[in-house]
Amino acid sequence: MAGEGMLTVPRRPTWQRVLWLLAGGISLLLGIAGIFLPLLPTTPFVLLAAACFSRGSTRCEAWLLNHPRFGPMVRDWREHRAVPLRAKQLALVMMTIGSLTAAFTLPRLQWLPAVCCAAVAWWLWHLPTREALRPQLPDESSS
C-alpha cells in the first residue's frame, strides 16, 4: 500500500493555524521594526516568526525561507542551531544604545527596557555561536 510506514502530521484546526499565523506576523513585524529601533533585536523575532509560520502557514514559512534578507538567517539557524558572532555583537550594541537612550528619556520606566534587553542578551549569548564562513582563496602557487 502506498504511504505505508510514512509518518503523516495531522493538520491543525483552523483556529490554531490562524493563531500561529497571527503570532508569526506580529513577530515578523517586530523583527522588521528591530532593524530601525535599537531596543528591538531583529534576529530572535525573525526566528520566532519562522517557528510560528511553520505551525500556521506553509506558504508564509516558504516566503520567509526564500526572503533575500531573512531567509539565510532562518535557514542557518535551522541547519546549525547557532547564531553568527556578528549578529550577537550587533544585537548587544543596539540593545545597549537603546537602553541608554531609554534611561535618559523615559520617566519612571527607564529601567524596563534595560531589563528586557538584558534578558534577551543573556538568552542570545547562551546560544551556540556560529563561526563565520571564510571565503576560500584560490591557491596562488598553482598559477
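One structure accompanies this document, and this report is about it. (Residues numbered from 1 in each chain as written. Predicted model: local features only at pLDDT ≥ 70, side-chain atom pairs only at ≥ 80, totals over all residues. Heavy atoms only, no water.)

## Comments concerning a nonpolar patch on the surface
- A cluster of nonpolar side chains, namely Trp15, Leu19, Leu22, Ile26 and Leu30, defines an oily patch on the protein surface of about 510 Å² accessible area.
- Tracing the sequence through the fold places Leu19 in helix α1 (residues 14–36). (Patch = residues over 30% accessible without salt bridge, like charges linked within 9 Å, V, L, I, M, F, W, Y side chains within 5 Å. Areas by Shrake-Rupley, 256 points an atom, 1.4 Å probe, with all protein chains shown as cover. Salt bridge = Lys/Arg side-chain N within 4 Å of Asp/Glu carboxyl O. Helix = DSSP H or I, 4+ residues; strand = E, 2+ residues; numbered from the N terminus.)

## Quick word on the layout of surface pockets
- Here the largest pocket is characterised by a volume of approximately 510 Å³.
- Taken together, 24 residues line the largest pocket, and the ones lying closest to its centre are Thr42, Thr43, Met73, Ala87 and Leu90.
- For the lining of the largest pocket, the elements supplying multiple residues, two or more each, are α1, α2 (42–56), α4 (71–80), β1 (83–84) and α5 (85–105).
- Sorting elements by how many residues they give to the lining of the largest pocket places α5 first, with 6 residues. (1 Å grid on protein atoms, 1.4 Å probe; cavity = no way out; pocket = protein on both sides within 12 Å on 5 of 7 lines; lining within 4 Å. Points joined across faces, edges and corners; volume = space filled by probe spheres on them.)

## Re the nonpolar core
- Counting residues in hydrophobic clusters, the biggest one holds 18 residues, and the most contacted among them are Leu28, Val46, Leu64 and Val74.
- For this core, the secondary structure elements donating two or more residues are α2, α3 (58–65), α4, α5 and α6 (111–125). (Core = buried A, V, L, I, M, F, W, Y, C linked by side-chain atoms within 4.5 Å. Buried < 20%, exposed > 50% of the residue type's maximum accessible area, 1.4 Å probe, protein only.)

## What about unusual backbone geometry?
- For Arg81, which is not glycine, the phi torsion reads 50° and is therefore positive.
- With respect to the helices and strands, Arg81 occurs in the loop between α4 and β1.
- Looking at Arg81, the relative accessible area reads 47%, which means it is partly exposed.

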